Amino acid sequence: MTFHRLVVKCGTSTLTAGTPRLAPPRLVELAQQVAQLRSQTYDIVVVSSGAVAAGRERLSLTQLPKDLPVKQMLSAIGQPRLMALYEQIFALYGLTIAQVLLTRIDLADRRRYLNSRNTLTALLEHGIIPIVNENDTVATEEIRVGDNDNLSALVANLIDADLLVLLTDQPGLYTADPELNPTAQLVAEVTEADIPPALWQAAGGATTRLGTGGMITKLQAADLARRSGTTVVIASGSEPSVLARIVAGEKLGTWFQPVVTSLESRKRYILAGGHAVGYARVDEGAVQALHHGRSLLPVGVVAVEGTFERGDTIQVLNATGREIARGLVNYDSDDLARLRGHQSTEIETILGYTYGDEVIHRNNLVLL
Ligand code: GLU
């Protein structure tokens, strides 16, 4: 299996090396490993915790407060400090980083999903390393993911990652809590379509002192990501060259094989977007282009029907009215009606802004 696009999740316990403070050498190791993979043209997104820990360090708090607003406050204090450190350290390896703060609602709402996807894709295309964290300030109970394990699985789905590495302070997933049970064994691989109940049970009790998630959130994340076609590995962040070794296929930590291909999963996502709320009728040239794996451009659109928003799923019909494709549209119905039949180079002049050359990008399109 060869990988191209990775999400690497670093938990607080990894970034602090188990202490109450951020451990800059850990960040250096991470940056050095990311730089090495980047030079081999892998696309990499880092999901990093550590904001609350950095805030706590700044205020010299010995105890982690329990109430959410205070944790949110600590995150607001710590996040810029964390990013300042990342900025400096990644720069040593010639890499530019970007801060991306997300909440569950950004990934559930189709328009925000598309916007986040486009931003992350643009960053990766420019060789920049996005560093994602939850937007703790605005993340109240209903909209927060709550832990970065699950957030990293959602990000893996968002950018079609083929590998998600969850770095933690344990060598991987065990058959029981290794601190309580000396017979606990490391699980090398999970291939079953459904994670066995015994593993869920074994993961239930494990928690780390500084991070939010324990093994249970890692298992939830693995379950989610492998159903989007992503291979998942839980491994120790203190293992030397852990990322390069995993990418090379070394069976380190616990591996979860994907349950579907990422293409299937993406198709499901597009087709699951409820009933299509509108359609674009296209000319024969566009039909041919789509069949050759290209994107739908405004020049090929002949008519627009229905009322839809950017990010909605629409149907693409040929001249005889037969549905040939379905996809996530980049322009709302009013904009698309104005762009119909025009060259992509004219989009900005017509609308005063542009969301890109494509009406539906080929990555967001399912041929039927
Ligand atoms: N967003 C939190 C932080 O940066 C971490 C959440 C988690 O570790 O799961 O501290």
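Report follows, based on the coordinates. (Residues numbered from 1 in each chain as written. Predicted model: local features only at pLDDT ≥ 70, side-chain atom pairs only at ≥ 80, totals over all residues. Heavy atoms only, no water.)

## Concerning empty space enclosed by the protein
What counts is decided by this rule: Only protein atoms enter the calculation, which uses a 1 Å grid: trapped sets of points that fit a 1.4 Å probe without letting it out are cavities, open sets showing protein on both sides within 12 Å along at least five of seven lines are pockets, and any residue with an atom within 4 Å of a point is a lining residue. Grid points are joined across faces, edges and corners, and a volume is the space filled by probe spheres set on the points. Each residue receives one of three labels: charged for Asp, Glu, Lys and Arg, nonpolar for Ala, Val, Leu, Ile, Met, Phe, Trp, Tyr, Cys and Pro, and polar for the others, Gly being one of them.
For the structure shown, the criterion picks out two cavities of 30 Å³ or more. Here the largest cavity defines a volume of roughly 70 Å³. Around the largest cavity sit Cys 10, Thr 14, Arg 26, Glu 29, Leu 30, Gln 33, Leu 167 and Gly 237, which together line it. Among the residues making up the lining of the largest cavity, the classes are represented as three nonpolar, three polar and two charged. Of the pockets and cavities examined, the second largest cavity occupies roughly 40 Å³.

## Focus on the packing of aromatic side chains
What counts here: Planes of paired rings set the category: under 30 degrees apart is stacked, over 60 is edge-to-face and the rest tilted, where pairs are Phe, Tyr or Trp rings (Trp by its six-membered ring) whose centres lie within 6.5 Å. Secondary structure follows DSSP: runs of H or I at least 4 residues long count as helices, runs of E at least 2 residues long count as strands, and numbering of each begins at the N terminus. Exposure categories follow from relative accessible area, calculated using a 1.4 Å probe and restricted to protein chains: below 20% of the type maximum is buried, above 50% is exposed, and the middle band is partly exposed. We call a charge positioned above a ring when the Lys NZ or Arg CZ atom is no farther than 6 Å from the ring centre and deviates by at most 35 degrees from the ring normal.
A full pass over the atoms with the stated rule returns four aromatic pairs. Geometrically, the ring pair formed by Tyr 331 and Tyr 355 is tilted, given 5.8 Å between the ring centres and 55° between the ring planes. One end of the pair, Tyr 331, is in the loop between β12 (323–328) and α13 (333–339); the other, Tyr 355, is in the loop between α14 (347–351) and β13 (365–367), with 24 residues separating them in the sequence. Tyr 355 gets classed as partly exposed once you look at its relative accessible area, which sits at 40%. The ring of Trp 255 has Lys 251 lying over it, and the distance from NZ or CZ to the ring centre is 4.0 Å.

## Here's the deal with the sheet that holds strand β2 (residues 43–48)
As a reminder of what qualifies: A pair of strands is considered paired only if DSSP assigns at least 2 bridges between the two.
Taken in spatial order, the eight strands of this open sheet run β3-β4-β2-β1-β5-β7-β8-β6, and their pairing is mixed. The two strands at the open ends of the sheet, each matched to only one other strand, are β3 (97–102) and β6 (189–190).

## Some remarks on the packing of helix α7 (residues 148–158) against helix α9 (residues 215–226)
Describing two packed helices takes the angle between their axes plus the distance from one axis to the other. As a reminder of what qualifies: Angles here are taken between N-to-C directions and fall from 0 to 180 degrees, while the axes themselves are lines fitted to C-alpha atoms, restricted in helices to the stretch in contact. Note on angle classes: values under 35 degrees are labelled roughly parallel, values over 145 roughly antiparallel, values of 65 to 115 roughly perpendicular, and the remainder oblique. A contact between two residues is defined here by any heavy atoms of the two lying within 4.5 Å.
Two numbers describe how α7 lies on α9: the axes approach to 8 Å, and their chain directions differ by 10°. With respect to their mutual orientation, α7 and α9 come out roughly parallel. The segment α7 lies against α9, with Asp 149, Asn 150, Ala 153 and Leu 154 engaging Thr 217, Lys 218, Gln 220, Ala 221, Leu 224 and Ala 225.

## Overview of the site of the ligand
Cut-off, in case you're wondering: A molecule or strand has a residue near it when one of that residue's heavy atoms lies within 4 Å. Pairs of N or O atoms within 3.5 Å make up the polar contacts considered here, provided that, within protein, one atom can donate a hydrogen while the other can accept it, and that residues adjacent in sequence are counted only when both atoms are side-chain atoms. Per-residue and other accessible areas follow the Shrake-Rupley method at a 1.4 Å probe size, with only the shown protein chains counted as cover for residues.
If you check the shell around the ligand, you find nine residues, and the closest are Ser 49, Val 52, Asn 133, Asp 136 and Asn 148. Taking Ala 51, its main chain carries an N or O atom lying 3.0 Å from an oxygen atom of the ligand. One nitrogen or oxygen atom from the main chain of Val 52 is found 2.9 Å from an oxygen atom belonging to the ligand. In isolation the ligand has 300 Å² of accessible area, and contact with the protein removes 93% of it.

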